[in-house]
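Understanding the architecture of this molecule
Below are the chains, spelled out letter by letter.
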Amino acid sequence: MDLGVHYYTFTHPEWQTTLTDRLTETAKLADEAGVSLFTVMDHWFQMLHSGGPFEPMLEGYTTLGYLAGITSNVRLSLLVTGVTYRYPGLLAKTVATTDVLSGGRTLLGIGAAWYDREHAGLGVPFPPTAERFERLEETLRIAEQMWSDNDGAFEGKHYQLAETICLPKPVRGRVPVLIGGGGEKKTLRLVAQYGDACNLFGAPGPEGLETVQHKLEVLRGHCDELGTDYDKIEKTMLYQNFSLDEADRFADEMPAYADAGISLVSLMPPRYEDPVAWTTQVLEQVKPRLDTI
């Protein structure tokens, strides 16, 4: 099983003077140790349950561009881009640029968005849920067209593009798409139709495992209905409430997740702790166990 690091918070000791240095060292540690995926959030404000808007938060794609320049191996993504944050043609161009500059290591992590306060705070429209999912599907279609040889127009319900030109193209021809979330009717269906990867939420105890197993069965059902290949979709999860004090218990849980189909688990350096020291411990205590699964 592969390991990911999700750097969701910049609120670490003395962050006012150490934010860039700690991000840099953590990413380099992960890169050199064979971590499969390094992600940051796509938020303008920190989430309320993680300290709220007055905590530090870097803009996502600027951060990925920086990370592309200081790493060589690890895949890079936002977890995940809110579809409302950027016009889809510009998003596809931005992601293609990051992919080119990283040597083909970028994923487009994307979802329907949810954080209404940051939209209101910065004056960005926040449509109702149903419309956001319509926009998400159109954005996925636009990105695929932008990265294809078709540079013609796109006519959708919400977006109209006169020319879908994107040069240079992504290194692999297109950027793999990771769709985040476990909504069974809409999100997982979009994964089945457009996604190269999904991202679900794991948690300690049997309920966390049962939830992931159920979501993957729902995803399989959508794939069967649409005629897409379930086995080609990378199944990733963000594991919540991980504690280094319970690293052995966590490692003991992972084979059951692997049996369910999960091939990558991302862990999060906690707030108020040194992410470099935390990542070092995870690489020493957890990654060797995951490598055997």
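We now turn to the structure provided with this report.

Reading the values: the criteria
- Residues numbered from 1 in each chain as written.
- Predicted model: local features only at pLDDT ≥ 70, side-chain atom pairs only at ≥ 80, totals over all residues.
- Heavy atoms only, no water.
- Helix = DSSP H or I, 4+ residues; strand = E, 2+ residues; numbered from the N terminus.
- Buried < 20%, exposed > 50% of the residue type's maximum accessible area, 1.4 Å probe, protein only.
- Contact = heavy atoms within 4.5 Å.
- Core = buried A, V, L, I, M, F, W, Y, C linked by side-chain atoms within 4.5 Å.
- Pairing = 2+ DSSP bridges.
- Axes fitted to C-alpha atoms, helices over the stretch in contact; angles between N-to-C directions.
- Salt bridge = Lys/Arg side-chain N within 4 Å of Asp/Glu carboxyl O.
- Polar contact = N/O pair within 3.5 Å; in protein donor to acceptor, adjacent residues only side chain to side chain.
- Arc of directions from axis to C-beta.
- Right-handed = clockwise from strand over helix to strand, strands pointing away.

Considerations on the overall build of the chain
Counting its secondary structure elements, the chain contains 10 helices and 11 strands. With respect to the three principal axes, the spread of C-alpha positions in the chain is 55 × 45 × 35 Å. For the chain, buried positions account for 54% of its 293 residues. For the chain, the share of sequence-separated contacts (at least 6 apart) that also reach a separation of at least 24 residues comes to 72%.

Remarks on the nonpolar core
Formed by 76 residues in total, the largest nonpolar core has its most connected members in F38, L108, W147 and L267. Beyond its immediate stretch of four places on either side in the chain, L267 contacts L3, G4, V5, H6, Y239, F242, F250, W278, V282 and V286. With 7 residues, the next largest nonpolar core counts L79, L178, L238 and L264 among its residues.

Looking at the sheet that holds strand β8 (residues 177-180)
Read from one edge to the other, the open sheet built from 9 strands follows the order β3-β2-β1-β11-β10-β9-β8-β5-β4, with strand pairing classed as parallel. Sheet topology places β3 (75-78) and β4 (81-82) at the edges, where each strand pairs with a single neighbour. Strands β1 (2-7) and β2 (37-40) of the sheet are contacted by helix α1 (residues 15-33), whose axis makes an angle of about 155° with β2.

Thoughts on the pattern of salt bridges
Side chains that differ in sign of charge can pair as their charged atoms come close. Under the counting rule described, the total for this entry stands at 17 salt bridges. The closest approach of N and O atoms between R135 and E131, which form a salt bridge, is 2.8 Å. In this pair, R135 and E131 both sit in helix α5 (residues 129-146), 4 residues apart, roughly one turn of the helix. Accessibility expressed as a relative area gives 23% for E131, which makes it partly exposed. Residues participating in the shared-partner salt-bridge network are D42, E59 and R86.

A look at the environment of T106
Following the sequence through the fold, T106 ends up in the loop between α3 (88-101) and β5 (108-111). Classification of T106 as buried rests on a relative accessible area of 0%. The spatial distance from the C-alpha of T106 to the C-alpha of R132 is 24 Å, given a sequence separation of 26 residues. Setting aside chain neighbours within four positions, we find T106 in contact with L76, V95, T98, D99, R172, V175 and P176. A distance of 3.3 Å separates a polar atom in the side chain of T106 from the backbone oxygen of T98.

Observations concerning the environment of F250
Within the secondary structure layout, F250 lies in helix α8 (residues 247-260). Considered as a pair, F250 and P204 are 46 residues apart in the sequence and their alpha carbons are 7.4 Å apart.

Thoughts on the side chain of R22
Looking at the element boundaries, R22 is found in helix α1. Judged by its relative accessible area of 15%, R22 is buried.

Regarding helix α2 (residues 60-70)
Where α2 is concerned, the buried positions are G60, Y61, T63, L64, L67 and A68. Buried residues along α2 cover an arc of 150° about the axis, so they all sit on one side. Along α2, exposed side chains directed more than 90 degrees from the buried face belong to T62 and G69. Where the residues of α2 are buried, they touch α1, β2, β3, β4, α3 and β5. One side-chain oxygen at the N-terminal end of α2 lies 3.1 Å from the backbone nitrogen of Y61; it belongs to E59.

Comments concerning the pairing of strand β10 (residues 234-239)
When you tally the buried positions in β10, you get 6 out of 6 residues, the bulk of the element. On β10, burial covers both faces: E234, T236 and L238 on one face and K235, M237 and Y239 on the other are all buried. Relative to β10, strand β9 (residues 197-202) runs parallel, the two sharing 6 bridges. Along β10, the bridge assignment pairs A197 with E234. You can see the chain leave β9, run along helix α7 (residues 206-226) and come back into β10, and the turn it takes is right-handed. Taken together, the 3 bridges between β10 and strand β11 (residues 264-267) define a ladder with parallel strand orientation. Its bridge partner being in β11, M237 is matched across the sheet by V265. As a crossover connection, the stretch from β10 through α8 into β11 is right-handed.

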